[in-house]
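Coordinate inspection notes
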Amino acid sequence: MTDIVQRGLYFDELEVGARFAHRPGRTVTDADNVLFSSLTMNSQALHLDAAYAATQPFGQRLMNSMWTLSTLVGASVSQITQGTLVAQLGLNDITFPAPLFHGDTLYVDTEIVDKRLAASRPGQGIVTMRHTGRNQDDTIVATATRVALMWLSDAAPDVTRAGEAKEE
């Protein structure tokens, strides 16, 4: 029987201009918002206090934007970076052009916008990705540019299970 290990893509497998549709989407719940806001010590009433939020311009609680950002990046892991990422180097150009509410479904797409070999790290390359999150109505609710250090396929550690090197 052949063992197949789920992984993302190595630096040399990624193409500039490639677009990934990360599916299924993720429907946002009240519990997501309360738990994430509480765990991160974010007591913003716009996330936790329905009565207060009802008096504000959107008329209801807003999803914590840091949850949205985390889920935006997290949605891409299984297709792009699972087991092929060395390190995340940075996030920039983060925007939240429309609100995300409880009950909305977040759909994420990622475009590879740039890649180059790492000058000081043999066997590794730097990949720039543009993540876009849309709700069920196709309204953009979040964008972020992410820079990651990725393994080249011929330099990556050959691991089948966490901490266990594959025998040759």
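Residues numbered from 1 in each chain as written. Predicted model: local features only at pLDDT ≥ 70, side-chain atom pairs only at ≥ 80, totals over all residues. Heavy atoms only, no water.

Looking now at the side chain of Asn 135. Relative to the assigned elements, Asn 135 resides in the loop between strand 4 (124–134) and strand 5 (140–151). Polar contacts involving the side chain of Asn 135 include one to the main-chain amide nitrogen of Asp 137, which spans 2.8 Å. Among residues more than four places away in sequence, those in contact with Asn 135 are Leu 100, Asp 104, Thr 105, Tyr 107 and Val 141. (Helix = DSSP H or I, 4+ residues; strand = E, 2+ residues; numbered from the N terminus. Polar contact = N/O pair within 3.5 Å; in protein donor to acceptor, adjacent residues only side chain to side chain. Contact = heavy atoms within 4.5 Å.)

The next subject is the sheet that holds strand 2 (residues 85–95). Strand pairing in a sheet takes place through backbone hydrogen bonds and is either antiparallel or parallel in direction. Strand order in the open sheet made by the 5 strands is 1-3-4-5-2, with antiparallel pairing throughout. Since the sheet does not close on itself, it has two edges, and those belong to strand 1 (19–27) and strand 2, each with one partner. This sheet shows a mean twist of 25° between the axes of neighbouring strands, independent of strand direction. Two elements, strand 1 and strand 3 (residues 105–117), share 6 bridges in a ladder whose sense is antiparallel. Bridging across to strand 3, His 22 finds its partner in Val 108. (Pairing = 2+ DSSP bridges. Axes fitted to C-alpha atoms, helices over the stretch in contact; angles between N-to-C directions.)

With 13 residues, the main nonpolar core has Val 28, Met 63, Trp 67, Leu 72, Leu 100, Leu 106 and Val 141 as its most contacted residues. Non-local contacts of Val 28, meaning those with residues more than four positions away in its chain, are made with Met 63, Trp 67, Leu 100, Phe 101, His 102, Gly 103 and Asp 104. The next biggest cluster of nonpolar side chains, apart from the first, holds 10 residues, and it includes Ile 80, Val 127, Met 150 and Leu 152. (Core = buried A, V, L, I, M, F, W, Y, C linked by side-chain atoms within 4.5 Å. Buried < 20%, exposed > 50% of the residue type's maximum accessible area, 1.4 Å probe, protein only.)

The subject of this paragraph is the environment of Gln 60. Relative to the helices and strands, Gln 60 is located in the loop between helix 3 (50–54) and helix 4 (65–74). Its relative accessible area of 35% is what places Gln 60 among the partly exposed residues. Measuring from C-alpha to C-alpha, the distance between Gln 60 and Leu 85 comes to 38 Å, with 25 residues separating the pair along the chain. If we ignore the near neighbours within four places in the chain, the residues touching Gln 60 are Ala 53, Ala 54 and Phe 101.

Within strand 4, 9 of the 11 residues are buried, leaving the element largely enclosed by the surrounding structure. Bridging between strand 3 and strand 4 involves 10 bridges; their strand directions are antiparallel. The residue of strand 4 that forms the bridge with Tyr 107 is Arg 134. Where strand 3 hands over to strand 4, the hairpin turn is made up of 6 residues, of which Gly 123 adopts a positive phi near 85°. Pairing geometry for strand 4 and strand 5, over 11 bridges, is antiparallel. By the bridge assignment, His 131 is partnered in strand 5 with Ala 144.

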